[in-house]
Amino acid sequence: MRTTVGIIGAGPAGLLLARLLHNAGIDSVVLESRDRAYVEQRQRAGILEQGTVDVLRAAGAGERMDREGLRHDGIELRFARRRHRVDFPALTGGRSVMVYAQTEVCKDLIALQLKEGGPLLFGAQALAVEGAGTDSPRVRFRHEEREDVLECDYVVGCDGSWGVARRAIPEELTRVFERTYPFGWLGILADVPPSHDELVYARHDRGFALLSMRSPVVSRLYLQVPEGTDAEAWSDAEIWDELERRFETDDGWRLRRGTITSKSVTPMRSQVQEPMRYGRLFLAGDAAHIVPPTGAKGLNLAVGDVVTFARALGHQRETGSDDLLDTYSETCLRRVWQAERFSYEMTTMLHRSPDATPFEDRIQLARLERLTSARSAEQDLAEGYTGFAL
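Starting afresh in each chain, residues are numbered from 1 along the sequence in its written order. Thresholds applied to this predicted model are a pLDDT of at least 70 for local features of residues and 80 or more for the giving and counting of side-chain atom pairs; totals over whole chains, interfaces and linings are not thresholded and use all residues. With hydrogens and water stripped out, all remaining heavy atoms of the structure feed into the side-chain values.

Draft legend 1. Structural detail: the nonpolar core. Counting residues in each nonpolar core, the largest one holds 74 residues, and the members touching the most others are Val 5, Leu 16, Leu 48 and Phe 309. Counting from the N terminus, the helices are DSSP H or I runs at least four residues long and the strands are E runs at least two residues long. Tallying contributions element by element places helix H9 (residues 298-319) first for this core, with 10 residues. Residues within four places of Leu 16 in sequence aside, it is in contact with Val 55, Leu 56, Ala 59, Leu 109, Val 303 and Val 306. Counting residues in each nonpolar core, the second largest holds 50 residues, with Val 97, Tyr 181, Tyr 201 and Phe 208 among its members. Buried Ala, Val, Leu, Ile, Met, Phe, Trp, Tyr and Cys residues form a nonpolar core when they are joined through side-chain atoms within 4.5 Å. Buried residues are those whose accessible area, probed at 1.4 Å on protein chains only, stays under 20% of the maximum for their type, while exposed residues exceed 50% and partly exposed ones sit between those limits. Contact criterion: two residues are considered in contact whenever any of their non-hydrogen atoms come within 4.5 Å of each other.

Here you go:
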């Protein structure tokens, strides 16, 4: 099997890249180790930056998003039992975000790929990327109980931090920067309308809490818990009681309770691998970088990566110049590190470390006081949250 671009992984990054390449008249093959049902059901991100929304619309993948997604023009910060709204359009010249789950993005892109695009192979496990440093890279994979080879001009690894793509870059050529946090997020999905019409980020002495949503009738909520927590160790009643404590305000606001349909614990870590390119192998999304979910940056960073690659390959096709391909890693990493900075600042401002001192608690509160009283600080948060330019 032969193609121009071999894409490993059918998450939002791989699927969007295939769509962008198709629209540019460039052929590709997508290899995904899981089956279609798994890809369309795995719960991940739910916040799309303005730039991501614009890219999906331009790619022809925004119709259902615009119909069913929830535009949000701000978030609410809570601390010391007080509430403060951050108005995104007023601070960013009109930018906003969209609540539209990653599962739905994947469903839309899969349907388009199967209808109009190149091959999308589910149950196709990539075994190795070979010849990445040559002009003829190949992906060895297993599909329908037999081994095959996909010969490519380029390979883009969208297969996550444990995938084969990043392992194809010689270890001596890479640097990995990482931080692991001593807490995680206990996340729930609940069949109950959201208790607020925008996301609520709460800093509390007992730990962080987040009120989010997946639709007008399904709520998504999170609690900061110790690292290694077993989600099943928390009863449904304990989860609701703790959420109520952490969201409590002095103005009588109330949390709606409902049936919890799923719960899980997400670890919190930051990681960046440099470079994001080796020869004709390019890394995108979690294969190159991971951010804690506090800043809602993971999916959006992946979109930025594949937009950068598609733009660079289109430029090469039009001009014959490899300049943009050669600077792919540098271009992506500028945006990646700004997103890492933003996510780190959000995480350390809102989460209470297990060994926090009274001094550190007061510093957190001082940061929040500054953010909610100085337009320049508030504007920096709004610009970071709604997204950096693609």
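Anyway, onward from the coordinates.
Draft legend 2. Focus on the sheet that holds strand S1 (residues 5-8). Pairing between two strands is assigned when DSSP locates at least 2 bridges connecting them. Read from one edge of the open sheet, six strands run S8-S2-S1-S12-S19-S18, paired in mixed fashion. Of all strands in the sheet, those bounded by a partner on one side alone are strand S8 (120-122) and strand S18 (277-278). In terms of strand pairing, strand S12 (residues 154-157) meets strand S19 (residues 281-283) through three bridges, oriented parallel. Note on S19: the bridge partner recorded for Val 156 is Phe 282. Contacts from helix H1 (residues 12-23) reach S1, strand S2 (28-32), S8 and S12 within the one sheet, and its direction differs from that of S1 by about 160°. Axis definition: a line fit to C-alpha positions, over the contact stretch in the case of helices; interaxial angles, taken between N-to-C directions, run 0 to 180 degrees.

Draft legend 3. Quick look at the packing of H9 against helix H11 (residues 328-350). Taken N-terminus to C-terminus, the directions of H9 and H11 make an angle of 160°; their axes are 10 Å apart at the nearest point. Overall, the two elements H9 and H11 adopt an arrangement that is roughly antiparallel. Seen along the crossing, H9 lies across H11 with a hand that is right-handed. Contacts from Asn 300, Leu 301, Gly 304, Asp 305, Thr 308 and Phe 309 in H9 reach Tyr 328, Thr 331, Cys 332, Arg 335, Val 336 and Ala 339 in H11. Classifying every residue of the contact of H9 with H11 gives six nonpolar, four polar and two charged. Angles are sorted into four bins: roughly parallel if under 35 degrees, roughly antiparallel if over 145, roughly perpendicular if 65 to 115, and oblique for all others. By definition, any crossing whose near helix is turned counterclockwise from its far helix by less than a right angle is left-handed, and any crossing with a clockwise turn is right-handed. Three classes are used: nonpolar for Ala, Val, Leu, Ile, Met, Phe, Trp, Tyr, Cys and Pro, charged for Asp, Glu, Lys and Arg, and polar for all others, with Gly counted as polar.

Draft legend 4. Expanded view of the packing of aromatic side chains. Aromatic rings from Phe, Tyr and Trp, with only the six-membered ring used for Trp, were paired whenever their centres fell within 6.5 Å, and each pair was classed as stacked if the ring planes differed by under 30 degrees, edge-to-face if by over 60, and tilted otherwise. For the structure on display, the rule yields 14 aromatic pairs. Measuring from centroid to centroid gives 5.7 Å for Phe 177 and Trp 337, while their planes differ by 80°, and the two rings are edge-to-face. Placement of Phe 177 in strand S13 (residues 175-191) and of Trp 337 in helix H11 is noted, with a sequence separation of 160 residues between them. With a centroid separation of 5.7 Å and an interplanar angle of 35°, the aromatic rings of Tyr 181 and Phe 183 are classed as tilted. In this structure, Tyr 181 and Phe 183 share a single accessibility class: buried. Joined through ring pairs, the aromatic side chains of Phe 88, Trp 185, Tyr 201, Phe 208, Tyr 222, Phe 342 and Tyr 385 make up one cluster. Distance and angle both matter: a charge sits over a ring if NZ of Lys or CZ of Arg is within 6 Å of the ring centre and within 35 degrees of the ring normal. Its guanidinium or amino end placed over the ring of Tyr 38, Arg 34 lies 4.2 Å from that ring's centre, counting from NZ or CZ. One cation-aromatic arrangement involves Arg 280 over Tyr 154; the distance from NZ or CZ to the ring centre is 4.8 Å.

Draft legend 5. The arrangement of the domain arrangement of the protein in detail. What fixes the domain bounds is an automatic or database domain assignment. Here the protein is described as being made up of domain 1 (5-70 + 100-177 + 269-345) and domain 2 (182-268 + 353-386). When each unit is reduced to the centre of its C-alpha atoms, the spacing between domain 1 and domain 2 is 30 Å. On the side of domain 2, 17 residues touch domain 1, which itself brings 20 residues to the contact. Each of two parts loses accessible area, computed with a 1.4 Å probe, when they are put together; buried area is these two losses added. A buried area of about 1,400 Å², summed over both sides, lies between domain 1 and domain 2, and 61% of it is on carbon and sulfur atoms. Salt bridge criterion: a side-chain nitrogen from Lys or Arg within 4 Å of a carboxyl oxygen from Asp or Glu. Taken together, the connections running from domain 1 to domain 2 amount to one salt bridge. Two N or O atoms count as a polar contact when they lie within 3.5 Å, although within protein this holds only if one can serve as hydrogen donor and the other as acceptor, and sequence-adjacent residues are included solely when both atoms are side-chain atoms. The tally of links from domain 1 across to domain 2 stands at five residue pairs in polar contact (both at pLDDT 80 or more). Of all the elements in the fold, those that place two or more residues in the side of domain 1 that touches domain 2 are helix H3 (50-58) and H11.

Draft legend 6. Structural context of the environment of Arg 83. Mapped onto the elements of the fold, Arg 83 is located in strand S6 (residues 82-87). Since its relative accessible area comes to 33%, Arg 83 is described here as partly exposed. Separated by 118 residues in sequence, Arg 83 and Tyr 201 have C-alpha atoms that sit 9.7 Å apart. For Arg 83, the residues in contact, after removing those within four places along its chain, are Glu 76, Leu 77, Arg 78, His 196, Thr 249, Asp 251 and Trp 253. At a separation of 3.0 Å, a polar atom in the side chain of Arg 83 contacts the side chain of Glu 76. Engagement of the side chain of Arg 83 in a polar contact is seen with the side chain of Asp 251, the distance being 2.8 Å.

Draft legend 7. Expanded view of the pattern of salt bridges. Here the structure, examined in full by the defined rule, presents 40 salt bridges. The closest approach of N and O atoms between Arg 57 and Asp 54, which form a salt bridge, is 3.9 Å. On the criterion of helical spacing, the pair formed by Arg 57 and Asp 54 is a turn pair, its members being three residues apart in helix H3. Judged by relative accessible area, which is 39%, Arg 57 ranks as partly exposed. One salt bridge connects Arg 83 with Glu 76, and the closest N-O pair in it is separated by 3.0 Å. For Glu 76, a relative accessible area of 6% puts it in the buried group. Each member of the salt-bridge network shares a partner with another, and the members are Glu 63, Arg 64, Arg 67, Glu 68, Glu 104, Lys 107 and Asp 108.

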